[in-house]
Amino acid sequence: MKRPGRLGTGIGWRPEIADAVEAMPGIDWVEAVAENLCPGHLPESLLRLRERGVTVVPHGVSLGLGGADRPSEDRLTALAERAEALGSPLVTEHIAFVRAGGPLTASPLLEAGHLLPVPRTRDALDVLCENVRIAQAALPVPLAVENIAALLAWPGEELTEGQFLYELADRTGVRLLIDVANLHTNHVNRGEDPAKALADLPVEAIAYVHVAGGFERDGVWHDSHAHPVPPQVLDILTDLASRVTPPGVLLERDDNFPEAGELERELDAIRGALEAAAPSGSATSKTAPSATTAAPVAEEEDKGEGESGSEADQASDYAPARQRLALAQAALLSALVAGTPAPEGFDRVRLGVQSRALGAKRADVVAKIAPELPEILGAGYRPAFLSYAHGHPMSDGYRHDALDFAAHLLLGGQPGTPENAESRRRLREWWLDRSGPAPRSRRPTARLARATRRVLLRR
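Each value, and the rule that gives it
- Residues numbered from 1 in each chain as written.
- Predicted model: local features only at pLDDT ≥ 70, side-chain atom pairs only at ≥ 80, totals over all residues.
- Heavy atoms only, no water.
- Buried < 20%, exposed > 50% of the residue type's maximum accessible area, 1.4 Å probe, protein only.
- Helix = DSSP H or I, 4+ residues; strand = E, 2+ residues; numbered from the N terminus.
- Arc of directions from axis to C-beta.
- Expected span 1.5 Å × (residues − 1).
- Contact = heavy atoms within 4.5 Å.
- pLDDT = per-residue confidence, 0-100.
- Salt bridge = Lys/Arg side-chain N within 4 Å of Asp/Glu carboxyl O.
- Phe/Tyr/Trp six-rings, centres within 6.5 Å; stacked < 30°, edge-to-face > 60°.
- Lys, Arg positive; Asp, Glu negative; His and termini not counted.
- Polar contact = N/O pair within 3.5 Å; in protein donor to acceptor, adjacent residues only side chain to side chain.
- Axes fitted to C-alpha atoms, helices over the stretch in contact; angles between N-to-C directions.
- Left-handed = near helix turned anticlockwise from the far one by under 90°.
- Nonpolar A, V, L, I, M, F, W, Y, C, P; charged D, E, K, R; others polar.

Caption draft 1: The arrangement of helix H13 (residues 381-391) in detail. Those residues of H13 that sit buried are Tyr381, Ala384, Phe385, Tyr388 and Ala389. One side of H13 holds all its buried residues, which, seen down the axis, span an arc of 130°.

Take a look at the structure:
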């Protein structure tokens, strides 16, 4: 398996810009969203890049390592399969929770469809460390985890972001994926100093760096990944590079894709920000290990009498922390997606901003996954979906969300239900084609057999 000493300069590979990425000069590596790849049917563009020696790193978005539950074995297996299929030197995920509820809270499981911040508390850190160790044991290559952007802050936090990340790397040996755009987001939204966060970081644990754009509205910075990289983010990159030479730097763009020339200019700006840092070898700069080298791990403290360092005992020790974290995360997510009251200590205005952002993201992703729905519903799609989302939390991913939304409309009398018979017919046909285990056959004989079965079953 390929294990490069350094990654270099890269860009996030997306199907919409696949041709442009292949043609770009100076691209050393790319990152692809793991959940969008099928190991047995990798995109031809990625295969061609690999043949040219371009490293491909799978970037997961649904594992939920910061959640109260242990990581799903199925999701870990899927992530491992993608790393092996791509010959990747490492895999990456996020320090976030993406779902809450379930058995630990005796409440319905809710999906955020988004990366939400974990509280920087000892409970959350203990649970995260155990979840990271579980993931490390299941993956065939090293793991790196990313700091995320946040619109809101948890009350009663005990650690700064830098302290939280330092302890995580120190206790688990996990690598860090530092997103400098997220540091800027947290500066605007939460008043956190990016320089202070960088000063607290274990820079020797950095695997690589993300750079992305966003926009500010009403005093809130939205990490959109759909806008140009602003100068403030490049300044943070220069600050980081003055402290350590990162093994790799990658430009992320997920939507509103510009022409290839603009992406290349952004990559040049990133290279310029790195060159503006203190020269390598100066008193303030040092070189980080390769992207796959394990971060330093602190030696385990001697256990006192009656204590055990076994995994089973640790799991038992962390069970109360998991339950406390589960209740807190379920209360927050329920307020964001199910309209329940805001948990005590949270900024209600910011919760409203985050809630609306989650609904808008659901509408956008469902429109991409099921483009027939906006086509069938026309201008009524978005208001209909936002109305639906307000009272119908997502519970099983975006594909099921699209089906549930269509079924909701087909019940009739709902806002956004198509008024003309042709649109209702098309919506019903779309739902029937996708709600079964396999698409319905278009052959007349198969349709006749299906209709006959329905008649016989009703007798």
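Having seen the model, we can carry on.
Caption draft 2: Here's a closer look at unusual backbone geometry. Backbone geometry places Ala106, a non-glycine residue, at a positive phi of 55°. Mapped onto the elements of the fold, Ala106 is located in the loop between strand E5 (97-102) and strand E6 (107-116). Judged by relative accessible area, which is 76%, Ala106 ranks as exposed. Here His225, not a glycine, exhibits a phi torsion of approximately 55°, which is positive. Mapped onto the elements of the fold, His225 is located in the loop between strand E11 (220-222) and helix H8 (231-243). Assessed through its relative accessible area of 9%, His225 is described here as buried.

Caption draft 3: Here's a closer look at helix H14 (residues 397-410). For H14, built from 14 residues, the straight-helix expectation of 20 Å at 1.5 Å per residue is met to within 8% by its first-to-last C-alpha distance of 20 Å. Among the residues of H14, Tyr398, Asp401, Ala402, Leu403, Phe405, Ala406, His408 and Leu409 are the ones counted as buried. Tucked inside the fold, the buried residues of H14 contact E6, helix H11 (348-369), helix H12 (372-377), H13 and helix H15 (421-435). Directly beyond the C-terminal end of H14, a positive phi value near 90° is found at Gly412.

Caption draft 4: Quick peek at the confidence of the model for the protein. With 86% of its residues at a pLDDT of 70 or more, the protein has an overall mean of 88. Within the model, the stretch residues 298-313 combines pLDDT values under 50 with 5 contacts to residues more than four positions away or in other chains. Note that pLDDT drops below 50 for residues 454-459; the model gives that stretch 0 contacts with residues more than four away or on any other chain.

Caption draft 5: Fine view of the pattern of salt bridges. Counted under the stated rule, the structure contains 23 salt bridges. Across the pair Glu130 and Arg70 runs a salt bridge whose closest N-O atoms are separated by 3.7 Å. Within this pair, whereas Glu130 is found in helix H4 (residues 122-138), its partner Arg70 is found in the loop between strand E3 (55-59) and helix H3 (73-86), the two being separated by 60 residues in sequence. Its relative accessible area of 9% is what places Glu130 among the buried residues. With its nearest N and O atoms 3.8 Å apart, the salt bridge here joins Arg120 to Glu161. In this pair, Arg120 is assigned in the loop between E6 and H4 and Glu161 in helix H5 (residues 161-172), connecting sequence segments 41 residues apart. The pair formed by Arg120 and Glu161 is uniform in burial state, with each residue classed as buried.

Caption draft 6: Representation of the environment of Val118 in the model. Inspection of the secondary structure puts Val118 in the loop between E6 and H4. With a relative accessible area of 8%, Val118 lands in the buried category. Separated by 52 residues in sequence, Val118 and Gly66 place their C-alpha atoms 6.0 Å apart. Leave out the neighbours within four places in its chain, and Val118 touches Gly66, Ile95, Ala96, Phe97, Trp154, Glu157, Phe164 and Gln329.

Caption draft 7: A look at the packing of aromatic side chains. Under the definition given, this model contains 7 aromatic pairs. A ring pair is formed by Trp29 and Tyr208, whose centres lie 4.6 Å apart and whose planes are at 70°; its orientation type is edge-to-face. Remark: Tyr208 occurs in strand E9 (residues 206-211) and Trp29 occurs in strand E2 (residues 29-33); sequence separation between them is 179 residues. Residues Trp29 and Tyr208 agree in their burial class; the two are buried. With centroids separated by 5.1 Å and ring planes inclined at 65°, the aromatic side chains of Trp154 and Phe346 adopt a geometry described as edge-to-face. Of the two residues, Trp154 is situated in the loop between strand E7 (143-146) and H5 and Phe346 in the loop between helix H10 (311-337) and H11; the sequence distance between them amounts to 192 residues. Each member of the pair, Trp154 together with Phe346, is buried. Taken together, the aromatic side chains of Tyr381, Phe385, Tyr388 and Phe405 make up a single cluster linked through ring pairs.

Caption draft 8: Structural view of the side chain of Glu252. Relative to the assigned elements, Glu252 resides in the loop between strand E12 (248-251) and helix H9 (260-275). Despite its burial, Glu252 remains without a salt bridge, the nearest opposite charge being carried by Arg14 at 4.3 Å. A distance of 3.5 Å separates a polar atom in the side chain of Glu252 from a polar atom in the side chain of His225. Excluding residues within four positions of it along the chain, Glu252 makes contact with Arg14, Glu31, His59, Glu146, Asp179, His210, Val211, Ala212 and His225.

Caption draft 9: Summary view of the packing of helix H6 (residues 180-190) against H8. H8 packs onto H6 with a crossing angle of 115° between their chain directions and a minimal axis gap of 9 Å. Here H6 and H8 pass one another in a crossing that is right-handed. Contact with H6, carried on its side by Val180, Ala181, Leu183 and His184, involves Gln232, Val233, Ile236, Leu237 and Leu240 of H8 and no other residues of that element. Its residues assigned to classes, the contact of H6 with H8 comprises 7 nonpolar, 2 polar and no charged.

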